[in-house]
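So you can see what is in the structure, the chains are spelled out below.
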Amino acid sequence: MIILQISYNWLKKYIDINFTPDDLSEKLTMAGLEVEGVEYLGEGLEDIIIARIEKIKEHPDADKLVICMVKAGSDTELIPVVTGALNVEVGQMVPFAEVGATLPGGMQIEEVKLRGELSQGMICSKDELGLQEERAEGIMVLADDAPLGGSFIKYKRLDDYVFKLDLTPNYARCLGMIGVAREIKSLYAQEKTLNTPPISFEEAEELGNINDYVKVEIEDPDLCPRYTARLVKNVKIKESPEWIQRRLKAAGIRPINNVVDISNFVLMEYNQPLHTFDFNKIKDGKIIVRRANAEEKMLTLDEEERILDDEMLVISDPEKAVAVGGVMGGANTEVTEETTDVLIESAYFNPVSIRKTAKKLGMHSDSSHRFERGVDVEKAIEANNRACQMLAKCDGARVVPGVIDNYPIKYEPAVITLAVERVNELLGIELEAAEVKESLERLGFEVEAAANADQFEVTVPSYRTDVEQGADLVEEIARVYGYNKIPSTRPISKQRGKRSPRQKFEARVKKLLQAGGLDEVITYSLQDKKIYQDLNLTQFEDYAKFVSIKNPLSEAFGILRTTLLPGIVDVLSSNARRQGSEMAVFETGTVFRNKGGNNRPEELNKLGGGIFGQNNNLWQQGAPNFFALKGVLEMLFNRVQLDQYSFIADNDNRDFLHPGRRAEIKYDQTQTFGFIGEIHPELADQNNLPAGTTVFELDLDFLFEITAEKSYQYQRLVKYPVLARDLAIVMAEDIAVGDIHQAIREKGGSMLKGLELFDIYQGDQIQDGYQSAAFELKFQAEDRTLTDQEVNERFNQIVNHLKEEYSAEIRGN
């Protein structure tokens, strides 16, 4: 976004402003033209006056110093000033700082003795006054007619304020002084006159007509609906008049020469970019507006060779391209000191085409900034004539009669039907029809009554390229009415907002995980592909289906994530590096996977998390984090009523996990919907993670679909007693304890209300290759007190089943 600088004094040339600079700043901001700051050009120069050097004496004790006797007013005595400037002369009018004055840099002038001679002030240079950055070679010399004793600020027209506007794209019309003046006009309730510059100049009839010199051909009118050209001969390239330079400087534009400065002046005045060609460098005087050829090369004004393509618009002659249309001119037709004849281009280019071209070539210019937002197509000739008027005032310049106006696609103003009722409905206020009409007319819209008495037919002016529909007009009415006057109200709705079933499920999952001791985190969806390589994730096919970002801010945000793991690992690693002793986190979020071609990426909702720092090694398996996180997931599955889930040893190609401490999470023993596992020790070390750090990821969409149809059932507390039995068995060490747990649960039937593993043991009392597992079984009936005989029968069935299926033996004391 470009910051536009607007001069307060220049602005007053177009409209009579009686707002103070501070008041105008506030009103512009409230009207939508955000003012980032206001700068007073004379800041720090209030104490500088205009003086004259009356005499110059040699310094008695310094060869490089002289004593200037300065007169600061008609009735004042001569003031001695010691200086080392080499360009001082008697009779010069100079900026002078008296004793007690303060310069822009904060330096205070005092009475001093330099090598024994009294100095009572300072004759200033441009850099000392803050008027240029580089160090000046000598003092600043003013014109002979500068008023003695007068204010330096007023003499140099620095008594001005510069508004710095941060404009959004829909305020493109305000990228010029007339556009801003038009907006200020709408701020006044009473009628104000917009003073556009009167344009008149003499054409050199003896030169014939422009058609005798110039031909313009538009090959692609969709990209260039209008192209105008005028020719000025006998131009002398020189410095611009001081008043033009002053206004350009206030706008933040560096003066170059009269031709370039005038085109920039019109740019800032009309918001119409112009381009000036050295006419004698254009082959046969013919301009062709066409698409560039593929791989066509061109050297632009910034001395860079550009490689073009056939989607870009160029201005060319029969032999070569002479400008990238609407973006930048070519070096081969640049206006130089030898230029005598100038061809002025004022055109309208397709905004989308200009935006794409400037972006592809990396050439953002003042012209492209305006063309890609839309300029006033109807003002192309007026802006061209304004430039001719200003050039005609230069010594000897002659304007060739006539203007070429190639206008293949004529502008048709949009007409929008607007109902007063709709205005009040959107704004929440009660405006009368007359107020609506008056507000729009203040903004320059033509308003006519429609067939329906409550409606208007509104004609959109050509400079309002941002207005396309009724809602745009309502916004304009709100600006004139005043946003601060619209009352704050809550929107009325007959339907109460509520979460969808999926949102409710996700919220419940989050609460359950938080209850399990995990904290929610949110990580970036944009990530670095290198992270996936560092974590060995690219070996897993789904994780390598990257969706690349065309114009990433940096490589760190180059792709859309395919899994939540990199973000989770980064959070754990960051906290571990900051000496966090333990951490447990989870995240729900969308991952994206490339489906190839022009297909939209696949979007999947995932649940992931990680944990480190758990020290309760209850099962003496050396993996407390794994079992702690597994326990949280089991709690989650049970609470969302997910049945038939199981943790199966993972044989998949997940090389980023510990080979002996990872598991697939399956539904109904067949469908994998997640995994859990410790980060591989080598990767944990490389990422500053504590040993044993464990992560998981689940398919949240699958989890919702499987449990969505289930309704919660509540049972009253059973009043009959529980009969408990302990079961300790010995079995081969390659048998999963989870399989034994599941077998006991199935054989226990409805009578088995509780089952808990409380011990796993391998040691001296157990044969090599075997392990011992101990369970507590709780039996209970809902309608009666169970007898020992009933419980023993069911218990024996369980024992016999374990013997037959798993060759398990009851362990003796």
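Refer to the structure printed above.
This structure is a prediction, so every number in the text was calculated from the model and none was measured. (Residues numbered from 1 in each chain as written. Predicted model: local features only at pLDDT ≥ 70, side-chain atom pairs only at ≥ 80, totals over all residues. Heavy atoms only, no water.)

Participant: Help me out: how do you make sense of the overall build of the chain in this one?
Facilitator: Broken down by element type, the chain carries 20 helices and 39 strands. Relative to the compact-globule value of 28 Å for 813 residues, the chain shows a C-alpha radius of gyration of 41 Å, a clear excess of over 25%. Sorting the 813 residues of the chain into buried and exposed places 49% on the buried side. Summarising the internal contacts of the chain: among those between residues at least 6 apart in sequence, 68% fall at separations of at least 24. Where the 94 positive side-chain charges of the chain centre and where its 134 negative ones centre are 3 Å apart. (Helix = DSSP H or I, 4+ residues; strand = E, 2+ residues; numbered from the N terminus. Rg over C-alpha atoms; globule rule 2.2 N^0.38 Å. Buried < 20%, exposed > 50% of the residue type's maximum accessible area, 1.4 Å probe, protein only. Contact = heavy atoms within 4.5 Å. Lys, Arg positive; Asp, Glu negative; His and termini not counted. Charge placed at Lys NZ, Arg CZ, Asp CG, Glu CD.)

Participant: What am I meant to see in the packing of aromatic side chains here?
Facilitator: Any pair of aromatic rings gets described here by the distance separating the centres and the angle formed by the planes. One pass over the structure, following the stated rule, counts 19 aromatic pairs. With a centroid separation of 6.0 Å and an interplanar angle of 50°, the aromatic rings of Tyr-8 and Phe-163 are classed as tilted. Linking Tyr-8 in helix α1 (residues 8-11) with Phe-163 in strand β10 (residues 161-166), this pair joins segments that are 155 residues apart in sequence. Grouping residues by exposure puts Tyr-8 and Phe-163 together as buried. (Phe/Tyr/Trp six-rings, centres within 6.5 Å; stacked < 30°, edge-to-face > 60°.)

Participant: Sorry if this is basic, but what is going on with the nonpolar core here?
Facilitator: One recurring pattern in soluble globular proteins: nonpolar side chains tend to sit buried together. With 51 residues, the main nonpolar core has Leu-11, Ile-17, Leu-24, Leu-165 and Ile-184 as its most contacted residues. Ranked by the residues each element gives to this core, the list is headed by helix α6 (residues 258-270), at six residues. Excluding residues within four positions of it along the chain, Ile-184 makes contact with Leu-11, Ile-15, Ile-17, Leu-24 and Leu-28. In terms of nonpolar packing, the next biggest core, distinct from the first, is built from 41 residues, Ile-218, Phe-279, Ala-292 and Ala-323 among them. (Core = buried A, V, L, I, M, F, W, Y, C linked by side-chain atoms within 4.5 Å.)

Participant: Can you help me understand the pattern of salt bridges in this one?
Facilitator: Note that side chains of opposite charge can pair when their charged atoms are close. Evaluation of the coordinates by the stated rule reveals 46 salt bridges. A salt bridge links Lys-530 to Asp-534, with the nearest nitrogen and oxygen atoms 3.0 Å apart. Here the residue Lys-530 and the residue Asp-534 both occupy positions in helix α14 (residues 529-534), the gap between them amounting to four residues, near one helical turn. What makes Asp-534 partly exposed here is its relative accessible area of 37%. The residue Glu-634 makes a salt bridge to Lys-630 at a minimum N-O spacing of 2.8 Å. In this pair, Glu-634 and Lys-630 are both assigned in helix α16 (residues 624-639), four residues apart and thus about one turn of the helix distant. On the basis of relative accessible area, Lys-630 is assigned to the buried category, the value being 19%. Each of the salt bridges in this network shares a partner with another, and the network as a whole consists of Arg-173, Glu-183, Arg-464, Asp-466, Glu-476 and Arg-479. (Salt bridge = Lys/Arg side-chain N within 4 Å of Asp/Glu carboxyl O.)

Participant: How should I be thinking about the environment of Glu-697 in this particular structure?
Facilitator: Within the fold, Glu-697 resides in strand β35 (residues 694-699). On the basis of relative accessibility, which here comes to 4%, the residue Glu-697 falls in the buried class. Taking C-alpha positions, Glu-697 is 7.6 Å from Leu-565, a pair spaced 132 residues apart along the chain. Once residues within four sequence positions are removed from consideration, Glu-697 is found in contact with Tyr-543, Thr-563, Leu-564, Leu-565, Lys-606, Leu-607, Gly-608, Phe-673, Gly-674 and Phe-675. Side chain to side chain, Glu-697 and Thr-563 meet in a polar contact 2.8 Å long. (Polar contact = N/O pair within 3.5 Å; in protein donor to acceptor, adjacent residues only side chain to side chain.)

Participant: Just checking my understanding: could you explain the pairing of strand β36 (residues 723-732) for this structure?
Facilitator: Consecutive side chains of a regular strand alternate in pointing toward one face of the sheet and then the other. Inspection of the sheet shows β36 paired to strand β38 (residues 770-779) by 10 bridges, in the antiparallel sense. Within β38, the position partnered with Leu-723 by the bridge is Phe-779. The sheet contact formed by β36 and strand β39 (residues 809-810) spans two bridges and is antiparallel. In the sheet register, Val-730 faces β39, and the bridge partner there is Glu-809. (Pairing = 2+ DSSP bridges.)

Participant: Would you mind going over the packing of helix α10 (residues 420-427) against helix α12 (residues 470-481) with me for this structure?
Facilitator: Angle between the axes and distance between the axes are the two parameters that describe a pair of packed helices. Interaxial distance between α10 and α12 falls to 10 Å at its minimum, and their mutual angle equals 65°. Put simply, α10 runs roughly perpendicular to α12. Classified by chirality, the crossing of α12 by α10 is right-handed. From α10, Val-423, Leu-426 and Leu-427 reach across to α12, where they touch Val-474, Ile-477 and Ala-478. Its residues assigned to classes, the contact of α10 with α12 comprises six nonpolar, no polar and no charged. (Axes fitted to C-alpha atoms, helices over the stretch in contact; angles between N-to-C directions. Parallel < 35°, antiparallel > 145°, perpendicular 65-115°, else oblique. Left-handed = near helix turned anticlockwise from the far one by under 90°. Nonpolar A, V, L, I, M, F, W, Y, C, P; charged D, E, K, R; others polar.)

Participant: Explanation requested: helix α7 (residues 351-361) in the structure shown.
Facilitator: An α-helical turn contains 3.6 residues, so any two residues separated by three or four positions project in the same direction. Looking at α7, one finds that the buried residues are Pro-351, Ser-353, Ile-354, Thr-357, Ala-358 and Leu-361. The buried residues of α7 all sit within an arc of 160° when viewed along its axis, so they share a single face. Against β16 (305-307), β17 (313-316), β18 (321-324), β20 (342-348) and α8 (366-371) lie the buried residues of α7. Of the residues that open α7, the one with a side-chain oxygen 2.9 Å from the backbone nitrogen of Val-352 is Asn-350. (Arc of directions from axis to C-beta.)

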